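A structural walkthrough
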Amino acid sequence: MYINELKFDEALITVSNHLPEPITLQYVSDYCYQCLPESFLMVPMGTSNQGGNASAVISTRFIIKFQVLRGAESLDFVCGWERLYEEHGHYMVTVTSSESVLCQERVIGSITNCYLPLLVAFVTLLGISGLYLLSKVTLRLHCTQRFLKDCCKKMSCLCKNSELTQNNCGEESNIPKRKRLLSLDTFRGFALTLMVFVNYGGGGYWFFEHAPWNGLTVADLVMPWFVFIIGTSVALAFSSMLKRGVNRCQLLRKLIWRTLVLILIGIFLFGYDPAYGPFSWSSVRIPGVLQRLGFTYFFVAVMHTFFCHQNTELAEGHVWSSAVRDLVTYWPEWIIIISLETMWLCLTFLLPVPGCPTGYLGAGGIGDYGRYPNCTGGAAGYIDQWFLGGNHMYHYPTCKELYKTTQPFDPEGILGTINSVVMAFFGLQAGKIILIYRKTPLSILKRFLVWSVILGVISAILTKCTRDEGFIPINKNLWSLSYVTTLSCFSFLLLGLMFYVIDVKGWWRGQPFIYPGLNSIFVYIGHSLLASYFPFKWQMKDMNTHYEVVAQDVLGTAIWVLVSYLLYRKKFFLKI
């Protein structure tokens, strides 16, 4: 194979064998926890003048550990090394023997900087943002305002449909100045924009894809943020509706309808794989993103419907309880959530799973040295298999390629939904803090910081600050407890920062993320249904680098941000 035939995230390795017998190369990825080595390359023995050569393509995504074995029947270890290979590099490994066997590696070809396309995209977006800010500053200049005012008078303000002239013809700013938590819409829009980008491929970079099993990547951040925002929105929306006179029965009807719509959209639009033929209940995937969001919303909303207070300032006279009012006022909800989490812990670590160790959290396959190949997900996978059946689950989990798993496993399964509810409850707690302490923004920020520290410490203890060696590793597929506490920690920090910058100081109005945040259902459904159509996807000619892939994914994401902005200008908001 030639270097110019390599695709992105690939390198070429050539092994020259100078031993008097054939050798075998085995490898294992550093990201694959306790995995069995796999055969990679067979290299014949050389002649007296020349070594035997063999070449193969190797992935440049993760650190690779190699070991060289010799012998026909009982393979003997000769030497080994580990390395993070670089894109399009050509590596020569020479295996020789003198007093001992040596494996000498050197680079004999040029290496491509795989992160340069990402840097170009970032600089381009930064430049566009800079031009936008420059235009805003220019419009605030006295001479510019006077010029626009004269133009508006001459043209009878025909230009008032333009955002730039609306701000100078006596029209309102493009973001409404009503009593709405703009930081929450911006947070939702930021998470959605990032979700669109990673769903479209993330430029082909591994850290914009979901982690194979344990660990955390950029793609693992977005859905928990949505779940957190659901909880915060429930607290704010229900408080507003109760103040408007909406009774609890009306709230129940509304939330039941919204739940049903989300679940049905998730099942009928995204719940089956066209590769299996026409839609059929025998093969439809029952769990899914919208299904989980719908059920999470339903549980948290029903719980809060029974225990929310119309007036969150009832206890203001009790000075002794002011510091913990957001906790003691809703103590029944805390009992429910603690009971739920206790149930998750008991099912995860105490439920007997046939053929698997109790409390198993691994990926199965070749992981754990191949001892539990059919135990993917432990209790979580077993419960889904028992309740749903393999035909109604996801057949391509993120661990399938790296861990060589054969069992279906659904990252939106039943057991993980419990912790999804817990995640939404932390968002609900953030909403309660905003409502109760809204007259003192500094108190809101302090409580957000305290919560993020507490949850961060819990995560550090559960994971032992490692990826795989903790009591409960961070795992998006399982929605492990440490995953929930870690992402809740990030959510409190990010929402607190946006709240301070947008709602307290007014330094930023949330553009452009606020636009998809105000039309999140439309953008999510639209980007999912049209992902395979032009201009969101086209037949790429250059697969040697990330440039065209990054351009395609950034363009697709930018189009949905633009569409959401145009929908905002038309005052169209898809509500459920």
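Anything mentioned here points back to the structure above.
Notes on the structure follow. Here the structure is a predicted model, which means the values were calculated and not measured.

**With respect to the side chain of Glu412**
- Assignment of secondary structure puts Glu412 in the loop between helix H11 (399-403) and helix H12 (414-436).
- Only 2.8 Å separates the side chain of Glu412 from the side chain of Arg285, close enough to count as a polar contact.
- There is a polar contact of 3.3 Å between the side chain of Glu412 and the side chain of Lys476.
- With near-sequence residues (within four places) excluded, Glu412 lies in contact with Met223, Arg285, Pro287, Gly288, Val289, Arg292, Thr417 and Lys476.

**Quick notes on the pairing of strand S7 (residues 90-97)**
- Counted residue by residue, S7 has six buried out of eight residues, so it is predominantly covered.
- Bridging between strand S1 (residues 10-17) and S7 involves six bridges; their strand directions are parallel. Looking across to S7, one finds that Leu12 is bridged to His90.
- Note: S7 against strand S8 (residues 101-107), seven bridges, orientation antiparallel. Considered in S8, the bridge of Thr96 is made with Leu102.
- The turn joining S7 and S8, which pair antiparallel and follow one another in sequence, is formed by three residues.

**Notes on the packing of aromatic side chains**
- For the structure on display, the rule yields 40 aromatic pairs.
- Consider the rings of Phe207 and Phe208, whose centres lie 5.0 Å apart with planes at 55 degrees: the pair is tilted.
- For Phe207, a relative accessible area of 18% corresponds to the buried category.
- Taking relative accessible area as the criterion, Phe208 reaches 12% and is therefore assigned buried.
- Every member of this aromatic cluster is reached through a ring pair, and the members are Tyr31, Phe62, Tyr115, Phe197, Tyr205, Trp206, Phe207 and Phe208.
- One Lys or Arg, Arg258, reaches over the ring of Tyr297 and ends 5.1 Å from the middle of that ring.
- A cation sits over an aromatic face here: Arg447 above Tyr437, 3.8 Å from the ring centre.

**Things to note about the state of the cysteines**
- For the structure shown, the criterion picks out three disulfides.
- The disulfide bridge from Cys32 ends at Cys35, spanning 1.7 Å between sulfur atoms. The S-S bond linking Cys32 to Cys35 shows a torsion near -65 degrees; that makes this disulfide left-handed. This pair shows no difference in class: Cys32 is buried, exactly as Cys35 is.
- The disulfide partner of Cys79 is Cys103, and the S-S distance across this bridge is 1.6 Å.

**Quick notes on the pairing of strand S4 (residues 52-59)**
- Side chains Gly52, Ala54, Ala56 and Ile58 of S4 all project onto a buried face; the interleaved residues Asn53, Ser55, Val57 and Ser59 project onto a face where none is buried.
- Pairing of S1 with S4, which is carried by eight bridges, proceeds in the antiparallel orientation. Residue Ile13 lies in a different strand from S4, and its bridge partner there is Ala56.

**Structural notes on a positive patch on the surface**
- The grouping of Arg244, Lys254, Arg258 and Lys575 at the surface amounts to a positive patch.
- For Lys254, the position within the fold is in helix H6 (residues 248-270).

**Some remarks on the packing of helix H5 (residues 222-243) against helix H14 (residues 481-504)**
- Following both chains from N to C, one finds H5 and H14 inclined at 65 degrees, their axes separated by 10 Å at the closest point. Considering how the two elements wind past one another, H5 and H14 form a crossing that is right-handed. Contact residues: Pro224, Trp225, Phe228 and Thr232 in H5; Tyr483, Leu487, Ser488, Phe490, Ser491, Phe492, Leu494 and Leu495 in H14.
- Of the residues that constitute the contact of H5 with H14, the class distribution is nine nonpolar, three polar and no charged.

**Regarding the pattern of salt bridges**
- Counted by the stated rule, this structure contains 12 salt bridges.
- Across the pair Asp30 and Lys65 runs a salt bridge, and its minimum N-O distance is 4.0 Å. Taken together, the residues span a long stretch of sequence, with Asp30 in the loop between strand S2 (23-29) and strand S3 (38-43) and Lys65 in strand S5 (residues 64-70) at a distance of 35 residues.
- You can call Asp30 partly exposed: its relative accessible area is 29%.
- A cluster of three or more residues bridged by salt bridges with shared partners is formed by Arg285, Asp410, Glu412 and Lys476.

Conventions and cut-offs
Residues numbered from 1 in each chain as written. Predicted model: local features only at pLDDT ≥ 70, side-chain atom pairs only at ≥ 80, totals over all residues. Heavy atoms only, no water. Helix = DSSP H or I, 4+ residues; strand = E, 2+ residues; numbered from the N terminus. Polar contact = N/O pair within 3.5 Å; in protein donor to acceptor, adjacent residues only side chain to side chain. Contact = heavy atoms within 4.5 Å. Buried < 20%, exposed > 50% of the residue type's maximum accessible area, 1.4 Å probe, protein only. Pairing = 2+ DSSP bridges. Phe/Tyr/Trp six-rings, centres within 6.5 Å; stacked < 30°, edge-to-face > 60°. Lys NZ or Arg CZ within 6 Å of the ring centre and 35° of its normal. Disulfide = S-S within 2.5 Å. Patch = residues over 30% accessible without salt bridge, like charges linked within 9 Å, V, L, I, M, F, W, Y side chains within 5 Å. Areas by Shrake-Rupley, 256 points an atom, 1.4 Å probe, with all protein chains shown as cover. Salt bridge = Lys/Arg side-chain N within 4 Å of Asp/Glu carboxyl O. Lys, Arg positive; Asp, Glu negative; His and termini not counted. Charge placed at Lys NZ, Arg CZ, Asp CG, Glu CD. Axes fitted to C-alpha atoms, helices over the stretch in contact; angles between N-to-C directions. Left-handed = near helix turned anticlockwise from the far one by under 90°. Nonpolar A, V, L, I, M, F, W, Y, C, P; charged D, E, K, R; others polar.

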